[in-house]
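Structure assessment
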Amino acid sequence: MGPQSYPGKSKTRTFSFKKSVFDNKKAIRGGIPLVFPCFGPWENGPQHGFARIKRWKKESEAERVNGRISISFSLEDDDETRKMWNYRFKLVYTVDLGENDLKLTLTINNTDSKPFDFTTLMHTYFRCKNIDDVRIQGLEGLQFTDKVAGGTEAKEERTTVLVDQNYDRVYMNCDPGKIKVDCVGNGKTSVALSLSNLTDVVVWNPWQEKAKAMSDFDDEEYKTMICVEAGCVSRTATAPAGGSVSFTQTLRLC
Ligand SMILES: O=P(O)(O)OC[C@H]1O[C@H](O)[C@H](O)[C@@H](O)[C@@H]1O
């Protein structure tokens, strides 16, 4: 689940795929799916966990304050989630939209009497006019795991990252206020990320061959999307019994 479009200045900035259907079985490809409690392949359940395929409830009515609109949704454990992962929890996701920014906060409440470990991520799909123009700033000097190269680690040397092939990298220990994605939306827009507790950023585009093999991906759609996903995935986070942990990403048009 996640906002399916980000209508800053009346233009759609995030991306939804033509072939995506929400059926509670498979994740939607587009918007900002929420990954929890496991990023990547998961031995107990579906890839990236169950949060993105479950139907969430409205937690509060939409509220308009000082030109912003905000609404919260929640997801609690049920028989199905406990079969995969035997913990009680309540996730609260707050979407707070201003004229030029979108603030997304995921709070993971552990309602159980034992602590649990998890990984989580906001899997943002940005729409772009042309992937060849997209540039990502703020990754220079970071260690990354290259999943396409079998999980090898390397250091990013470039000040500006462009994606021109099958790309799946987990950048670690990111500066929470430095990452910026240029030339998204209409091709002239930049979006700056401001992160709290989300220390990793995954950059993903499956490129031509891999996209062709994916049933919910049109053959040419890889050219008009880039995923820049803020998460806590290279290490697990812990929610203590009865406690909570919050993660925030703000996307600001600049
Ligand atoms: O196809 P999905 O389950 O939605 O995952 C899409 C992608 O998500 C992340 O970016 C992972 O790093 C990739 O390895 C994965 O392929």
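Residues numbered from 1 in each chain as written. Predicted model: local features only at pLDDT ≥ 70, side-chain atom pairs only at ≥ 80, totals over all residues.

Looking only at helices and strands, the protein chain features two helices and 17 strands. In terms of overall size, the protein chain behaves like a compact globule, its C-alpha atoms giving a radius of gyration of 17 Å where 254 residues would be expected to give roughly 18 Å. Considering only C-alpha atoms, the protein chain reaches an extent of 50 × 45 × 35 Å along its principal axes. When each of the 254 residues of the protein chain is scored for burial, the buried share is 35%. A fraction of 67% describes how many contacts in the protein chain between residues 6 or more apart in sequence connect residues 24 or more apart. (Helix = DSSP H or I, 4+ residues; strand = E, 2+ residues; numbered from the N terminus. Rg over C-alpha atoms; globule rule 2.2 N^0.38 Å. Buried ≥ 20, exposed ≤ 12 C-beta atoms within 10 Å, placed from the backbone. Contact = placed C-beta atoms within 7 Å.)

For the rest of this paragraph, the subject is the site of the ligand. Taken together, Ala 27, Gln 47, His 48, Lys 147, Asp 168, Val 202, Trp 204, Cys 227 and Glu 229 make up the full set of residues adjacent to the ligand. Put simply, the parts of the chain that give the shell around the ligand at least two residues each are strand S15 (200–205) and strand S16 (225–239). Its residues assigned to classes, the shell around the ligand comprises four nonpolar, two polar and three charged. (Near = placed C-beta within 6 Å. Nonpolar A, V, L, I, M, F, W, Y, C, P; charged D, E, K, R; others polar.)

As defined by bridge partners, strand S9 (residues 143–146) adjoins strand S10 (residues 152–155) across four bridges and the pair is classed as antiparallel. When the sheet's bridge partners are listed, Gln 143 is paired in S10 with Lys 155. Between S9 and S10, which pair antiparallel and follow one another directly, the connecting turn spans five residues, one of which, Gly 150, has a positive phi of 75°. In this structure, S9 lies alongside strand S12 (residues 167–171), joined through three bridges in antiparallel fashion. In the sheet register, Asp 146 faces S12, and the bridge partner there is Arg 169. (Pairing = 2+ DSSP bridges.)

Omega for the bond connecting Phe 36 with Pro 37 falls within 30 degrees of zero, at 0°, which places this linkage in the cis form. Assignment of secondary structure puts Pro 37 in the loop between strand S1 (34–35) and strand S2 (57–65). In this structure, Cys 183 is a non-glycine residue whose phi angle is positive, near 65°. Take Cys 183: there are 21 C-beta atoms within 10 Å of it, and that puts it in the buried class. A positive phi angle is found at Trp 207, which is not glycine, with a value near 65°. Structurally, the position occupied by Trp 207 is in helix H2 (residues 207–212).

Let us look at the nonpolar core. Leu 91, Phe 126, Val 181, Val 184, Val 203, Ile 226 and Val 228 are the most contacted members of the largest nonpolar core, which totals 55 residues. If you tally residues by element for this core, the top one is S16, at eight residues. Not counting residues up to four positions away in its chain, the partners in contact with Leu 91 are Phe 36, Ala 51, Ser 74, Leu 75, Leu 106 and Ile 108. (Core = buried A, V, L, I, M, F, W, Y, C linked by C-beta atoms within 7 Å.)

Annotation from UniProt places "binding site: substrate" (unreviewed entry) at Arg 29, Gln 47 and Arg 52. Despite a sequence span of 24 residues, these residues sit close together in the fold, their greatest C-alpha distance being 13.1 Å. Relative to the elements of secondary structure, Arg 29 occurs in the segment before S1. Take Arg 29: there are 21 C-beta atoms within 10 Å of it, and that puts it in the buried class. Mapped onto the fold, Gln 47 is located in the loop between S1 and S2. Ignoring any residue separated from it by four or fewer positions in sequence, one finds Gln 47 in contact with Gly 40, Pro 41 and Trp 42. (UniProt positions renumbered as here; feature names shortened; annotations may be inferred.)

Time to look at the sheet that holds strand S11 (residues 160–161). Read across the sheet, nine strands follow the order S2-S3-S4-S5-S17-S14-S13-S8-S11 without closing on themselves; strand pairing throughout is antiparallel. Every other strand in the sheet has two partners, leaving S2 and S11 as the edge strands with one partner each. Judged from the three bridges that link them, strand S8 (residues 135–137) and strand S13 (residues 180–184) form a sheet pairing that is antiparallel. Across the sheet, Gln 137 pairs through a bridge with Lys 180, a residue of S13.

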